[in-house]
Every structure is written in C-alpha cells, then in structure tokens.
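Spelled out, the chains give:
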Amino acid sequence: MAYEYFSDEDHLKLWLKVEEDPGKFKEFLDKYIYGTKDFNEYLELCGGVQRINQLRAQEHLIDLNKKES
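Residues numbered from 1 in each chain as written. Predicted model: local features only at pLDDT ≥ 70, side-chain atom pairs only at ≥ 80, totals over all residues. Heavy atoms only, no water.

Draft legend 1. The packing of aromatic side chains, seen in detail. By the definition in use, this model includes five aromatic pairs. Ring plane angle 35° and centroid distance 6.0 Å describe the contact between Phe39 and Tyr42, whose orientation is recorded as tilted. You can see Phe39 and its partner Tyr42 sitting in helix α3 (residues 39-45), three residues apart, about one turn around the helix. Among the aromatic residues, those joined into a cluster by ring pairs are Trp15, Phe25, Phe28, Tyr32, Phe39 and Tyr42. (Phe/Tyr/Trp six-rings, centres within 6.5 Å; stacked < 30°, edge-to-face > 60°. Helix = DSSP H or I, 4+ residues; strand = E, 2+ residues; numbered from the N terminus.)

Draft legend 2. Looking closely at the environment of Leu43. Here Leu43 lies in helix α3. C-alpha separation for the pair Leu43 and Tyr32, spaced 11 residues apart in sequence, amounts to 9.0 Å. Discounting chain neighbours no more than four positions away, the residues touching Leu43 are Gly48 and Ile52. (Contact = heavy atoms within 4.5 Å.)

The structure is reproduced here in structure tokens:
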C-alpha cells in the first residue's frame, strides 16, 4: 500500500517461485489464501504486525535500529 507500507518483496518472491510448480502453488494458496479465516490470520502467517511495522519503516525510511537521543 503506497505511502503506508512497502511491499513485502520476500513474500512476493516466494509467491512467484511457487507459481512455477502447480503442486507447490496449490499448497501456497491453501496455506495463505484458502486456509485462512480472515485477513488477520493471513497477516499473522506473513509476519504479523511486526512485519507490517518493518515494511512501514522501509516506506518511510525509518531506521528501526537507531536509538532515540
């Protein structure tokens, strides 16, 4: 989502890789799409709020390791 958080390139690379094999792609869809009850469950599978915060920091060029002074 532009201006909110950076795209999850690692997850997208995984998606593209498993698309090459119909069996693996079905497993991927079952796990991440069809097997989740809602968006929150999908989000947790992808790293949860922690991952969203990492992606948000990337979008806004925030260094999460930098100590506040």
